[in-house]
Amino acid sequence: METYLFKFSVCLGIFWLVYVLFLERQNRHHFKRFYLLGALTLALIIPKLTITEYVEPVVTTIETAPTFINIDPALIDTTIEEPSFFDLETTLWFIYGFGVLLFTLRFVVNLFKMQRRISKNETVKHRPFIYVLLQDNLIPHSFFRYIFFNKTRYESNHIPKEVVLHEETHAKQLHSIDIVLLELLQIIFWFHPLIYILKHHIKLNHEFLADQAVLQQGSDIKTYQTILLQFSSNTQNHQLASAINYSSIKKRFTVMKTQTSKTRIWLSTLLVLPIIAILFYNFTKKEYVEKKSIDTSEVFQLENQIQNDGASKKLMEEYRNFIIEYKDTNIIYSQKYERAIIIYDQLMSDKQRATVEKYPDNLLPKSNLSKVQPKKPTTAQFKSWKNENEYAIWLDGNHVSNFELNNYTIDDIVYFTGSKIHNNARSKKFPQPFQFSLYTKNGFKTHYQESAINSYNKISKTYSEAIGKYLKGPQTDNSELKILKAQIDKIYNSFTEEEIKKYNILMAPPVPAQYSNSKSEEEPIMVILINRNGELLAKNKSTSLEGIESKLKTLSKSFDDSNSVFVRYDKSNASEKTLKNVITLIRKYDFKVIQADAPLIAPPPPPAPPVPSTPHTPTKTQSNKVIQPVEILIKKDNSILLNEKIIKFNDLAQSATEINKHLTIEERRNYVTASIFTESNNNIDFVKKVQLELHKADIMSSSVRYLESIKKTGLKAKHVSPNAGLTVEQAKIEQEKRLEKYKDFTLPKDSPWAIETKVTSVKETKQKSGPIEINGTNYYYSQQNGVTTYYDTYGKEVKMDNLPPPPPPPAIKTGKISDSQFKSYNKWVKSLKDPNGNHLMVKKEHYEYFTGIYNLMTEEQQKKSEGLPPPPAPPVPSSKQKQTYKFKTESGEIIEVVEDPQPQKQESILPIVNGRVLKTGQLSMSLTEIKKIILTLPNSKVTAFKLKIPGIKTQQFKGNIANSDTIKNLNTLKTGDFIVLFDIKDDKDSEVSPVSIEVID
């Protein structure tokens, strides 16, 4: 309402200024009459008009930014507010209504007076007019065809013919119609000053018209002016009549003598047209509509015809449950209610709607919080809210103490809302009879003014993520996406044009197509593929529309499996035109299209390179694992995009690993190359950090290109990933070909293309890594700061305690060791060593088995072997030993009782030394670290332990740290010496393995 009134006022004001400045003093009175009436009409209409502007469709990317969703809260927890009756808005409407009533009564009273004046006085018919002869001494005036004269003057012929002609002109030109319309408009806009100003100008122009008519009959100007002075009046008793008014005499005399040139007439007339055009363009509402095109209307229409089979069983069940729950409880949850409306109105087919009851209408109030206007409290209200016994207060959505208001002034509160809480609705936490929510400027902006924007951004993010998840799946059910799309469109449609421009709000992308699930539904009898050029492929052979039609003719619909044809197309203008023709052919022969594929399909990998002509022995299994591209863009602010998705630096290694997690570590290291673009030439240090992170994902090769430099060359930036899209086997062949091609290639030193090559090494803190074979299985290890971690070939961490046993060797034949048995033995011995050469723990049965093989070797075989590893450590003896008790009876007989406890078998555990988790019973530490030694256990507390230092008596300690005397003894140690921690006790009687520590620098 406010916007319309503002636009109406501006339009009317501009029309009035043009009239006063350019038209009023001209003698083109007929044109001025219709200009003034047209100005009022256009000012009323222009703000209501809508200009529809057709724009080209905007392609919106699927990954938007910016997620969703809890659009509305449940209504059961909502307290209905009771707004005050006498607020500002209600008061203004009350005043406006009172004014309309007064002006309406005034209009009716004037009409009634005019009717009585006509009926109570004598009338004389004179041509088309009717003269009303009044007893009162009033100046002549007219109302439609009635002209009022004083009876005495009329009968004595004292009324000049110029006055009679003047009033007859008013009646003939129906000036009363203009006046009545203005009176009606004044009732509605009684408060608007421009209405009164325009009414004055229109009435004055009526006088100009009447004066012009009199003078055109040959009357003398001076004589006519003298008559006007005699018959003029300053009274305002003729609200609905046209009468001679004294206040306008001077201006009328001036206009009578004015002569307007034709040039000025044409210029002033032409000026009106651009004024109208400018007002029309600036004050009409604009609506932007996307043009319909093949890809946005016809194709989507075809897909909807193909796929719209109604709501799924799951959604139908959800809708029925909603209706049942509503009838049983009479409670409405806004989220469920909104979903039910969408399911019924947009997803159900006509047959499905006939089977269910329609949802109840208008259960939720339609409110737009962003349209709420600020409302400041009075001083008395603000003071009363500090009473904690009467009011429970929320500030910017959070409950606060009433005393918190002492930190604010009345000017800090820009909006408030509250209500009285009845006794049965109060709680122990909030027993006050009133609850009020107050909002500061920032709170009002967040919760009201930008509430719709915040909700739209939230649901947009969720919708975008849902589309991404849907496209990675089978794409057989897009009903949830349709519900999200309907919710987001509802919010979008509530925005004004100004809000859309201000916040740069974009429409959500369309819902991706839904495809049939070939595993659960019918199989097609024919598959047709259409590429971007509109070319056809059927049964892996190129064909044409004529070929497709010929095959459809020969196919019989008597197939038991299906009468459907599967169609897939790569989206383009050419493919969509071909798609329309193909679908027309399919329906022509009464077949059904079960899928018209949408364009959101990843392109196929490049064709495999030709197999080398040189013969080779094929392996038993050929790898078909495809290498996926790893493409990185580093922005100027060092933010990272990995395959066009924004990620954090700390997540780079994990995300890069996920891309090619189907490859082994060795395959990733050998064949995956990361392509890195950086927007700035000055962030080389950050690029190196990114490369180091990629090493953690076993991506050891990367290419770096600088976009600033590329732009200067005018070349197009393109990612370089040589093996992306190839299988591992294909990448292996391509790599061998490249090495063979360039193995002997060198540039002459004086070549302008020769460059200096440097090898940059990346320092890593005491880190070693590489392959290792354990129990006949290949693993990778990574050692850093004395801690060794093992991984399988797919990068998954492996605990050494859970390693599988070695494969069983061939049966041992007495006195004879075969080559396979000899190799098996050496593999076993190597598997017992960690990267530092230390022996790992070995199981007793494994040791006995392979020792038997070693003992059967010849002396020459034993010399060539890896030697015999040390035997496994003996089990820690039980703290409970066999006990013997002797008792002597009263008769002197001696009874001997022997207690032989059988301790429970318990798995030995390794302690944690200085926070370091051990894999074996051996480790290396500096003397400084040993002096600060602290023993801990994963699930219990160390209570005591023993320490053996070479040349010093074994020391026993209570607790988990050494004492000061021990620290003095440790000073005797030298590099290469060993100390042993053993007999470690805890509060759960656990079996703790001993630990040997080597002293290092």
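Since the model is a prediction, treat every value here as computed from it, not as a measurement. (Residues numbered from 1 in each chain as written. Predicted model: local features only at pLDDT ≥ 70, side-chain atom pairs only at ≥ 80, totals over all residues. Heavy atoms only, no water.)

### A closer look at the pairing of strand β2 (residues 122-126)
Here is the rule we go by: Any two strands between which DSSP finds at least two bridges are classified as paired. Numbered from the N terminus, helices here are DSSP runs of H or I no shorter than four residues, and strands are runs of E no shorter than two.
Relative to strand β3 (residues 129-134), β2 is paired through five bridges, and the arrangement is antiparallel. Among the inter-strand pairings, Val124 is bridged to a residue of β3, identified as Tyr131.

### Let's talk about the sheet that holds strand β28 (residues 912-913)
Read from one edge to the other, the open sheet built from three strands follows the order β29-β28-β31, with strand pairing classed as antiparallel. Unpaired on one side and paired on the other, β29 (916-917) and β31 (935-936) mark the two borders of the sheet. In the sheet, β28 pairs with β29 via two bridges, with the strands oriented antiparallel. The residue of β29 that forms the bridge with Ile912 is Val917.

### Structural notes on the UniProt feature "transmembrane region" (unreviewed entry) in the chain
Put simply, the rule is: UniProt positions are given in the numbering used here, feature names are shortened, and annotations may be inferred rather than shown by experiment.
According to UniProt, the positions carrying the feature "transmembrane region" (unreviewed entry) are residues 6-22, 34-51, 91-109 and 265-283. In the segment residues 34-51, helix accounts for 67% and strand for 11%; the C-alpha atoms at its two ends are 25 Å apart. With 100% helix and 0% strand, the stretch residues 91-109 has end C-alpha atoms that lie 27 Å from each other.

### Overview of a nonpolar patch on the surface
Quick reminder of the rule: Here the term patch refers to residues with relative accessible area over 30% and no salt bridge, with like charges joined within 9 Å and nonpolar side chains (Val, Leu, Ile, Met, Phe, Trp, Tyr) within 5 Å. Using the Shrake-Rupley algorithm and a 1.4 Å probe, accessible areas are obtained, with residue cover drawn only from the displayed protein chains. The term salt bridge refers to a side-chain nitrogen of Lys or Arg lying within 4 Å of a carboxyl oxygen of Asp or Glu.
Among the surface-exposed residues, Leu17, Val20, Leu21 and Phe22 lie close enough to one another that they form a single nonpolar patch of about 360 Å² accessible area. Mapping Phe22 onto the fold places it in helix α1 (residues 2-23).

### Things to note about empty space enclosed by the protein
A probe as big as a water molecule, rolled over the atoms, marks out the empty space that is left. We count it as follows: We place a 1 Å grid over just the protein atoms. Points where a 1.4 Å probe fits but has no way out form a cavity, open points with protein on both sides within 12 Å along at least 5 of 7 lines form a pocket, and any residue with an atom within 4 Å of a point lines it. Grid points are joined across faces, edges and corners, and a volume is the space filled by probe spheres set on the points. Only Asp, Glu, Lys and Arg are considered charged in this grouping, and only Ala, Val, Leu, Ile, Met, Phe, Trp, Tyr, Cys and Pro are considered nonpolar; every other residue, Gly among them, is considered polar.
Each pocket or cavity is described by its volume, and for the largest cavity that value is around 50 Å³. In terms of lining, the largest cavity is formed by Ile930, Ile933, Phe945, Leu947, Ala962, Thr966, Leu970, Ile979 and Leu981. Elements with a contribution of two residues or more to the lining of the largest cavity: β32 (942-948), α31 (964-970) and β34 (978-986). For the lining of the largest cavity, a count of residues per class yields eight nonpolar, one polar and no charged. Counted as a void, the second largest cavity has a volume near 40 Å³. Its residues assigned to classes, the lining of the second largest cavity shows seven nonpolar, four polar and no charged.

### Some remarks on the packing of aromatic side chains
Worth spelling out the cut-off: Ring pairs are drawn from Phe, Tyr and Trp, using the six-membered ring of Trp, whenever the two centres fall within 6.5 Å, and their geometry is named by plane angle: stacked under 30 degrees, edge-to-face over 60, tilted for the rest. Accessible area is worked out with a 1.4 Å probe on protein chains only. A residue is then buried under 20% of its type maximum, exposed over 50%, and partly exposed in between. Placement of a positive charge over a ring is assigned whenever Lys NZ or Arg CZ falls within 6 Å of the ring centre and within 35 degrees of the normal to the ring plane.
The tally for this structure, following the rule as stated, stands at 36 aromatic pairs. With a centroid separation of 6.3 Å and an interplanar angle of 40°, the aromatic rings of Tyr415 and Tyr439 are classed as tilted. Within this pair, whereas Tyr415 is found in strand β10 (residues 415-420), its partner Tyr439 is found in strand β11 (residues 434-439), the two being separated by 24 residues in sequence. Overall, Tyr415 belongs to the buried group, its relative accessible area being 10%. Members of the aromatic cluster, connected to one another through ring pairs, are Tyr4, Phe8, Trp93, Tyr96, Phe103, Phe189, Trp190 and Phe191. Cation over ring: Arg33 sits above Phe34, and NZ or CZ is 5.8 Å from the ring centre.

### Let's talk about the sheet that holds β10
Under the convention used in this document: Every axis corresponds to a line fitted to the C-alpha atoms, with the helix fit spanning only the stretch in contact, and the corresponding angles, defined between N-to-C directions, vary from 0 to 180 degrees. Throughout, a residue-residue contact means that at least one pair of heavy atoms, one from each residue, lies within 4.5 Å.
With mixed pairing, the four strands of this open sheet are ordered in space as β9-β8-β11-β10. Edge positions in the sheet fall to β9 (398-400) and β10, since each of these pairs with one other strand and no more. Direction aside, neighbouring strands of the sheet carry axes that sit 25° apart on average. Two strands pair when backbone bridges link them, and strand β8 (residues 391-395) and β9 are joined in this way by three bridges, in the antiparallel orientation. Bridge pairing links Trp394 to His399 in β9. Here helix α16 (residues 441-449) sits on the sheet and contacts β10 and β11; the angle it forms with β11, its principal contact strand, is near 100°.

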